[in-house]
Amino acid sequence: MVHRTKFVAFLVIQLLVTLLFLAACTDTTPSNGVNPSPSSQIKPQSLTTGADNAPPTIPPPTPTYTPLPVTPTPAPTPTPPVIIGGKATGAVINGPLTLHPYKHNNASGEALVSLLFAATLTRLDPQTLQPAPNAAVSWSVSDTTTVTFVLRDGLKWSDGKPLTSADYLWTYQQLKKPENGWSLAPQAFFDPAQPGSSGIETYEAPDPRTVRVKLHSFSSDLVSRAAVIEPLPRQVWASLDWNDLNANPQANAPTVVSGPWKLKEWKRGSALTFERNPNSTVWPSSRLESLTFLILPDSQLALQKLQKGEIDFYSPAVTDWPAFSALSNVQAYTWGTARPVWYFAGFNYRRPVLQDKLFRQALAWSLDRRKMLDKAGGGLGRLINSSVSPWQPTFQPQTARYDLNLDKARALLKEAGYNFKDNKWYGKTGQALPTLKIIYDAPSPLYETLAATIKDNFAALGIAVDLHNYPFEDFRKLLVSPTADYDLFLSGWTADFAPENFGDVWRTIPALNSGAYDNSRLLDMYTKALNEADPAKRKTWLEQIQMIEAEELPYLFLYAEAGRLVANKRLAGFGTALLGPTANLYTDWFASR
């Protein structure tokens, strides 16, 4: 199964996103190294100011809301006294391609690099998801687009040498060079030749503890965009070949790092072992002495090793969750994650019948989404009604909600001008409603389950469906073709920490907005949210966005997956807040015995 990723703005966010992968994700989708995440990047050019731009007060829709059920989480075992030392072993299904922080990598490689290099200027606050101090102890914003960061006193690399603003500047200079081929440079840096470009214009290090970054334009994630650079040790890398991974010994065996872990050994195709970095100054020194990740061929072997105690933790796919969580020697954790994968059925708005909001709403009322979550998602998640994650601080529960109600669905079809006779729906012109064609990528047990359930649900409403699955590359080509023959498609997004960035999906037809949904009022609200500096006002705009999306149904929103982890009962010290148990780079984990 492949789902599309809606990338967030920058590296400080990507660092946290990839870490849970180390508990053993099975996704093989290539990625682009430790990176800022492109949010497709047409950024507005001005601040929202003045009374005319105040967030509107819109009355809620007809009350159809009932509280969303929360997936129950088993009570954790009591936390034992903290022990310093010990070891822990996890697993990854695919080993990294490289440990170079800025070269093409897969998800496991990105996550492993994040343990070694972890000195971005900011990190995310686990409660608010706003920028919090990391390598920078403080910052200030001037002229709406210039951010000045003050580094912590006494920052060091793992070899004990000072980590200063010169390392940030040198890394920035390397990333700016076209010959170094950083794939995300077009999103990170301003390019006057590219319409809508909004990235970094200038980058300065006026003294050893100061970094000053000027961006081309303001947006709500200004500080995170300014904090894009993950510094490399200039004194080590300056004489090395940036691009030749074979000629550069630091690319796959880095000896000088900024994170709380150092690489002890990488046995290709077998395992990677990390040891505590005693000179860690950005992050606290880890409680564990070492951390190992076995490279395994599949999750079944991970299950066997977890049962035997040969590995200590793993994050299984939802389809594997029952087997893993049932093991007697593990504690199973689920949590509401700030950046879940969420699933939907998208409409092809080039089809006239699907342009009718009443018709879309009728389809929504016919869906048994709870059954979909239980069957396809193992019950691990929550139903969704918009593009905003239900665990986001900006989530608005008081929106239109569509629980299974066939009588309501039939009434809406009749209101839209359809009549039911001879087991078919007929439109105003007397023509029978055509069979709807739903497409999805294969092989994917999850999408196959979703497709089969939707087909049964629509059939109960009296609407026929044909299902067609394609290899992912063929499926992707269909989605970006304006003339493709389909009515609905099944897909998923990885949510953004900054939900206002999802407006870029609706703006980008057909690369991201495959069905060509167009709503200028919605886009205007996304623009205002993106341009709003005040978090409280931004939340108000996002609440209105959620209400519009739930009412208009640009997608049939299905459900979001919860975070999940199984860990041997001897491990302790981690929490399951919005950023998950790896938010602190495993520094808070410890082995109780």
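What comes next is a walk through the structure. All of these numbers come straight from a predicted model, not from anything done at the bench.

### Concerning the overall build of the protein
The secondary structure content of the protein amounts to 16 helices and 26 strands. Within the protein, the fraction of its 593 residues that count as buried is 58%.

### Brief notes about empty space enclosed by the protein
Tallying each qualifying case throughout the model produces four cavities of 30 Å³ or more. A volume near 60 Å³ is recorded for the largest cavity. Lining the largest cavity, in full, are Ala364, Leu367, Arg369, Ile384, Asn385, Tyr402, Leu553, Leu556 and Phe557. When grouped by side-chain class, the residues that make up the lining of the largest cavity number seven nonpolar, one polar and one charged.

### Digging into the sheet that holds strand β3 (residues 87–92)
Read across the sheet, four strands follow the order β3-β13-β12-β11 without closing on themselves; strand pairing throughout is mixed. Sheet topology places β3 and β11 (261–267) at the edges, where each strand pairs with a single neighbour. Across the sheet, the mean angle separating the axes of adjacent strands is 20 degrees when strand polarity is ignored. Direction of pairing for strand β12 (residues 271–276) relative to strand β13 (residues 290–295): antiparallel, over a ladder of five bridges. Across the sheet, Ala271 pairs through a bridge with Leu294, a residue of β13.

### Digging into the side chain of Gln392
Along the polypeptide, Gln392 turns up in the loop between β17 (381–383) and α11 (406–415). At 2.6 Å, the side chain of Gln392 forms a polar contact with the backbone oxygen of Phe497. The residues touching Gln392, leaving out its near neighbours within four places in the chain, are Leu129, Ala338, Asp496, Phe497, Ala498 and Pro499.

### So, the sheet that holds strand β7 (residues 136–142)
An order of β7-β8-β10-β9 is seen for the four strands of this open sheet, with the pairing classed as antiparallel. Two strands in the sheet have a free side with no partner beyond their single neighbour: β7 and β9 (200–207). Strand-to-strand twist of the sheet, defined as the mean angle between neighbouring strand axes without regard to direction, takes the value 20 degrees. Sheet topology note: the strand β8 (residues 146–151)/strand β10 (residues 210–215) ladder contains five bridges and is antiparallel. Opposite Thr146, over in β10, you have Lys214 as the bridge partner.

### Some thoughts on the pattern of salt bridges
All told, the structure shown has 16 salt bridges when counted by the stated rule. Where Glu473 meets Arg476, a salt bridge forms, and the shortest distance between an N and an O atom there is 3.0 Å. Here the residue Glu473 and the residue Arg476 both occupy positions in helix α13 (residues 472–479), the gap between them amounting to three residues, near one helical turn. Through salt bridges with shared partners, a single network forms among Arg351, Lys437, Asp485 and Asp487.

### Structural notes on the packing of aromatic side chains
Applying the stated criterion across every chain yields a total of 36 aromatic pairs. Between Tyr172 and Phe189, the aromatic rings sit 5.4 Å apart at their centres with planes inclined by 90 degrees, giving edge-to-face as the arrangement. Note that Tyr172 is positioned in helix α3 (residues 165–176) and Phe189 in the loop between α4 (185–188) and β9, a separation of 17 residues in sequence. The burial state of Tyr172 is the same as that of Phe189; both residues are buried.

Here is what the cut-offs are and how they apply
- Residues numbered from 1 in each chain as written.
- Predicted model: local features only at pLDDT ≥ 70, side-chain atom pairs only at ≥ 80, totals over all residues.
- Heavy atoms only, no water.
- Helix = DSSP H or I, 4+ residues; strand = E, 2+ residues; numbered from the N terminus.
- Buried < 20%, exposed > 50% of the residue type's maximum accessible area, 1.4 Å probe, protein only.
- 1 Å grid on protein atoms, 1.4 Å probe; cavity = no way out; pocket = protein on both sides within 12 Å on 5 of 7 lines; lining within 4 Å.
- Points joined across faces, edges and corners; volume = space filled by probe spheres on them.
- Nonpolar A, V, L, I, M, F, W, Y, C, P; charged D, E, K, R; others polar.
- Pairing = 2+ DSSP bridges.
- Axes fitted to C-alpha atoms, helices over the stretch in contact; angles between N-to-C directions.
- Polar contact = N/O pair within 3.5 Å; in protein donor to acceptor, adjacent residues only side chain to side chain.
- Contact = heavy atoms within 4.5 Å.
- Salt bridge = Lys/Arg side-chain N within 4 Å of Asp/Glu carboxyl O.
- Phe/Tyr/Trp six-rings, centres within 6.5 Å; stacked < 30°, edge-to-face > 60°.

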